[in-house]
Amino acid sequence: VHMSRSLSRRVLRTLLLCIGRFVVPVIVTPAAQAAVCDTTWNDAGGDDRWITGANWDNGVPQVGENACIPNGMSVTYDATTVTPANVTLGDDGQFSHSLGATLNMTGTLTLGSNTTWDSFSTLLTGSVVLGDGAVLTLHDAIYNPAADSTISGTGAITMQTGSAGDLQGSGALTLDGPTMTID
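In this report, we go over the structure that sits alongside the text. (Residues numbered from 1 in each chain as written. Predicted model: local features only at pLDDT ≥ 70, side-chain atom pairs only at ≥ 80, totals over all residues. Heavy atoms only, no water.)

**Some details on the overall build of the protein**
Item 1. Tallying secondary structure elements over the protein gives one helix and 18 strands in all.
Item 2. Taken over 183 residues, the protein has a buried fraction of 36%.
Item 3. Partitioning the contacts of the protein with sequence separation of at least 6, the portion at a separation of at least 24 is 28%.
Item 4. Accessible area for the protein stands at about 9,600 Å²; split by element, carbon and sulfur atoms hold 54% of it. (Helix = DSSP H or I, 4+ residues; strand = E, 2+ residues; numbered from the N terminus. Buried < 20%, exposed > 50% of the residue type's maximum accessible area, 1.4 Å probe, protein only. Contact = heavy atoms within 4.5 Å. Areas by Shrake-Rupley, 256 points an atom, 1.4 Å probe, with all protein chains shown as cover.)

**Focus on the pairing of strand 2 (residues 66-69)**
Item 1. Residue alternation in strand 2 divides its side chains into two sets, Asn-66 and Cys-68 and Ala-67 and Ile-69, and both sets are buried.
Item 2. Bridging between strand 1 (residues 39-40) and strand 2 involves two bridges; their strand directions are parallel. Residue Thr-39 lies in a different strand from strand 2, and its bridge partner there is Ala-67.
Item 3. As paired elements, strand 2 and strand 5 (residues 86-89) share four bridges and run parallel to each other. Opposite Ala-67, over in strand 5, you have Val-87 as the bridge partner. (Pairing = 2+ DSSP bridges.)

**A word on the packing of aromatic side chains**
To describe a pair of aromatic rings, one takes the distance between the centres and the angle between the planes.
Item 1. Tallying each qualifying case throughout the model produces six aromatic pairs.
Item 2. Aromatic side chains Trp-50 and Tyr-77 sit 5.0 Å apart centroid to centroid with 75° between the ring planes, which places their arrangement in the edge-to-face category. Note that Trp-50 is positioned in the loop between strand 1 and strand 2 and Tyr-77 in strand 3 (residues 74-77), a separation of 27 residues in sequence.
Item 3. On the accessibility criterion, Tyr-77 (0% relative accessible area) is buried.
Item 4. What links up through ring pairs into an aromatic cluster is the set Trp-41, Trp-50, Trp-56, Tyr-77, Phe-95 and Trp-117. (Phe/Tyr/Trp six-rings, centres within 6.5 Å; stacked < 30°, edge-to-face > 60°.)

**Focus: the pattern of salt bridges**
Item 1. Scanning all chains against the criterion turns up one salt bridge.
Item 2. In this structure, Asp-78 engages Arg-49 in a salt bridge whose closest nitrogen and oxygen atoms are separated by 2.4 Å. Of the two residues, Asp-78 is situated in the loop between strand 3 and strand 4 (81-82) and Arg-49 in the loop between strand 1 and strand 2; the sequence distance between them amounts to 29 residues.
Item 3. For Arg-49, a relative accessible area of 37% gives the class partly exposed. (Salt bridge = Lys/Arg side-chain N within 4 Å of Asp/Glu carboxyl O.)

**Quick look at the nonpolar core**
Item 1. In terms of nonpolar packing, the biggest core is built from 27 residues, with Trp-50, Leu-109, Trp-117 and Leu-136 touching the most fellow members.
Item 2. Among the secondary structure elements, those contributing two or more residues to this core are strand 2, strand 3, strand 5, strand 7 (102-105), strand 8 (109-111), strand 11 (128-130) and strand 12 (135-139). (Core = buried A, V, L, I, M, F, W, Y, C linked by side-chain atoms within 4.5 Å.)

**A few points about the environment of Ala-67**
Item 1. Among the structural elements, Ala-67 can be located in strand 2.
Item 2. Not counting chain neighbours up to four residues away, the residues in contact with Ala-67 comprise Thr-39, Trp-50, Trp-56, Pro-61, Asn-86, Val-87 and Thr-88.

**Brief notes about the environment of Gly-45**
Item 1. Take Gly-45: it is sitting in the loop between strand 1 and strand 2.
Item 2. Classification of Gly-45 as partly exposed rests on a relative accessible area of 35%.
Item 3. Distance in space between the C-alpha atoms of Gly-45 and Asn-55 is 4.8 Å, their sequence separation being ten residues.
Item 4. Beyond its immediate stretch of four places on either side in the chain, Gly-45 contacts Thr-52, Ala-54 and Asn-55.

**A look at the side chain of Thr-39**
Item 1. Mapping Thr-39 onto the fold places it in strand 1.
Item 2. Residue Thr-39 is classed as buried on the basis of its relative accessible area of 0%.
Item 3. Of the polar contacts made by the side chain of Thr-39, one reaches the backbone oxygen of Gly-59; its length is 2.7 Å. (Polar contact = N/O pair within 3.5 Å; in protein donor to acceptor, adjacent residues only side chain to side chain.)

**Section: the pairing of strand 3**
Item 1. Residue alternation in strand 3 divides its side chains into a buried set, Val-75 and Tyr-77, and an unburied set, Ser-74 and Thr-76.
Item 2. Sheet analysis places strand 3 next to strand 6 (residues 94-97), joined by four bridges and oriented parallel. Looking at the pairing, Val-75 lines up with Phe-95 of strand 6.

Here you go:
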């Protein structure tokens, strides 16, 4: 089949116009940059507790898994020790941490806009991404990036080192945007 040059251009232009109608611009927020979720918080257990399996669509996050908490959700971390790879807390979410529970994170902690993450006994070895208005407070926590890591975004991070907290690491720590207070 032979098409004239002007006909093939018209067909191509029509095809591109049709495709253009279905292409939706995507705005990537810090929460959307996280890894694919292995398990997502749904609060079906109704008690806001991290260790309740029914609160997750694929069960409580296991070692190396990516845990996602959608917008507007509240979670109380009360597990003995868990080591997820990445944790994402969606916009307007809250994360609180029970004393005696230990959270070890090997990947990226991503907090959406206007979130509050208040944590005790936490070991962070990856990067942190803070959305607009996000507040990350680490009490007696250790931030120990295994390699070069970045704390980025527009939120704020406070490390209250107390008797057990520490900021250490073998790689470079880059603070790109947020305010960081260490006391």
